[in-house]
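# Survey of secondary and tertiary structure
Spelled out from the first residue to the last, the chains are:
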Amino acid sequence: MSQMPDRLRDGLAKPVVLETNRETAGWGLFTPNPEAVLTVKSGACVTINTLSWVGATAPEGPVAYFEALGVPAGQLLPELMEMAEVPRPNGSSGHILTGPIGVEGAEPGDVLQIRILDVSPRVPYGVNSTGPGSGVLDDLLDRRTFRLFQLDPDRRFYPFVGGIEIPFRPFAGVMAVAPPPSVGAVSANPPDRWGGNMDFRDLVAGSTLYLPVFQPGGMFYTSDTHGAQGHGEVNQTAIEHSMAVTVQLIVHKGGVLTFPRAENDDHVWFMGIHADLYKAMKIANQEVVDYLVNVMAMRDVEAYRFSSLVVDFKVAEAVNGNKVVVAEVHKDRLRPLTDGAGVPVVGGGLHSPA
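What this report covers is the structure whose coordinates are included nearby. (Residues numbered from 1 in each chain as written. Predicted model: local features only at pLDDT ≥ 70, side-chain atom pairs only at ≥ 80, totals over all residues. Heavy atoms only, no water.)

### Regarding the pattern of salt bridges
Across all of its chains, the model carries 14 salt bridges by this definition. Asp110 is paired through a salt bridge with Lys253; the nearest N and O atoms lie 2.7 Å apart. Residue Asp110 is located in the loop between strand E5 (93–103) and strand E6 (111–121), and its partner Lys253 is located in the loop between strand E16 (243–252) and strand E17 (261–263); the two are separated by 143 residues in the primary sequence. Judged by relative accessible area, which is 5%, Asp110 ranks as buried. (Salt bridge = Lys/Arg side-chain N within 4 Å of Asp/Glu carboxyl O. Helix = DSSP H or I, 4+ residues; strand = E, 2+ residues; numbered from the N terminus. Buried < 20%, exposed > 50% of the residue type's maximum accessible area, 1.4 Å probe, protein only.)

Quick look at the structure:
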C-alpha cells in the first residue's frame, strides 16, 4: 500500500518494520527512562504499523463498536482487539503509542530529525467522533455521535454530506521523543517541547520534523494517525485512521532547539506550545525572531518587522490542553539572506519562555 515517492525512496535502505502490539506499544503515557522496543542507527528508516485508538477505548469493545458503524469484525486489525485488552494506566491518554525507538548516538542536547517518507492506510476506513464537552464548541451538542468515513482508494478522498469530498491527506498526529526524566510520567494528550500530540496537519509525507533530545537514544514514539484534519482539530478528533508511517531518523549532534521545528520543500515551521493560546503565539513569534537574529544575522527590530509582514501564524492544535501555534515562513523569503546556500533549519536561538 506504500505511496512513498521515488525521490524519497532512492538511496535509502529498506525500512525496518515495527508492528504495534502489547510488546511494542502502550497507552498514552510517557514514562521516565523508557526502554527502547527497537534500536536503530542514525539514518535508518523504519515503517511503524500504527494503530488508531478508535474502538479500542470503547466500553463495548472494538468488535461491537465497529459493527454498529457497519464494519464487520473481519475488517478489523487483529492487534486492535489485543490492545483493547491492555489495562490503561492512570493518567494516560487514549492514544496507543508505538515505541520508543532508540537511535544510536542521540544524547540530551542533540536534535532528532524525522523525515516523513510515507503515510499509508492499513484499513479502508476512519472515524470522527464528537459530542458534549468535546473541542472548541464544547457546549454545542447534547449527545455523542460517531461517523464512519470510507476511503476511496483510487481518488483518495472521503465522501461527506451533500456530495462534499474530503481529500485524503494522511499524517501522524503524535510524533514525540521521550520527555526529560525530571517531568516524571506525562500524559501523551497535551503536546509540549518534546512534540507529542501536536496534530499539525502539514507533517505529511515529504515533510521533516525536528525535535530536541532529552534522553539517551532520543526515544521516538508515534501514534494517532489521521486521514484528514483541519488546522485546530476543533471538534476534538480528526478522521482517526490506522496508518503505516515510514520515517528516517537522523541525529544532529549539538543542535540547538527548544521547541519543535519542521520544514518541507517550500516552508519552515516554528512551533509555540503552551496552555494559553496567546502565550503559544508569543513563543512561536520569539522562535522566529531568535532564528532570524542568530542564524540569519538580522537585527531584532527587523526580525520583528519581518514577523509581522511575512510570517503566517496558524493554530495547529486547539483542543488537547496545550495549544500549538505554528509560524509559517516561505523559504523563498529566507533564501536571499543565505545567498542561495539553503536554509539551516536546525540552527537557531536559545529561548525559554517563562
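### Overview of the pairing of E5
Most of E5 sits out of view: 10 of its 11 residues are buried. Looking at chain direction, strand E2 (residues 25–30) and E5 are connected through four bridges and run antiparallel. From the neighbouring strand, Ala25 faces E5, where its bridge partner is Thr98. Pairing of strand E3 (residues 38–40) with E5 involves three bridges; the strand directions are parallel. Bridge assignment links Val40 to a residue of E5, and that residue is Val103. Sheet analysis places E5 next to strand E15 (residues 220–226), joined by two bridges and oriented antiparallel. Opposite Ile101, over in E15, you have Phe220 as the bridge partner. (Pairing = 2+ DSSP bridges.)

### Description of the pairing of E6
Burial runs high along E6: 10 of the 11 residues are buried. Relative to strand E14 (residues 208–212), E6 runs antiparallel, the two sharing five bridges. The residue bridging Leu112 from the neighbouring strand is Leu211, located in E14. The pairing of E6 with E16 spans 10 bridges and is classified as antiparallel. Paired with Asp118 across the strands is Thr246, a residue of E16.

### A look at the sheet that holds E14
In space, the nine strands of this open sheet follow the order E1-E4-E16-E6-E14-E17-E18-E20-E19, with mixed pairing throughout. Each edge of the open sheet is held by one strand with a lone partner, namely strand E1 (16–18) and strand E19 (312–320). Going from strand to strand, the sheet's axes swing by 25 degrees on average, the running direction of each strand aside. Bridge count between strand E18 (residues 267–274) and strand E20 (residues 322–330): eight bridges; the pairing is antiparallel. (Axes fitted to C-alpha atoms, helices over the stretch in contact; angles between N-to-C directions.)

### Structural notes on unusual backbone geometry
That bond from Gly99 to Pro100 is cis: its omega, 10 degrees, falls within 30 degrees of zero. The phi dihedral of Asn33 falls on the positive side, at around 55 degrees, and the residue is not glycine. With respect to the helices and strands, the residue Asn33 is situated in the loop between E2 and E3. For Asn33, a relative accessible area of 55% translates into the label exposed.

### A closer look at the packing of aromatic side chains
Evaluation of the coordinates by the stated rule reveals 10 aromatic pairs. A centroid spacing of 5.2 Å and a plane angle of 85 degrees characterise the contact between Phe200 and Trp269, whose relative ring orientation is edge-to-face. Taken together, the residues Phe200 in the loop between strand E13 (195–197) and E14 and Trp269 in strand E18 connect sequence positions 69 residues apart. Looking at Trp269, the relative accessible area reads 1%, which means it is buried. Through successive ring pairs, a cluster of aromatic residues spans Tyr65, Phe66, Tyr125 and Phe146. Over the ring of Trp27 we find Arg88; its NZ or CZ atom is 5.4 Å from the centre of that ring. Sitting over the face of the ring of Phe149, Arg147 holds its NZ or CZ atom 5.6 Å from the ring centroid. (Phe/Tyr/Trp six-rings, centres within 6.5 Å; stacked < 30°, edge-to-face > 60°. Lys NZ or Arg CZ within 6 Å of the ring centre and 35° of its normal.)

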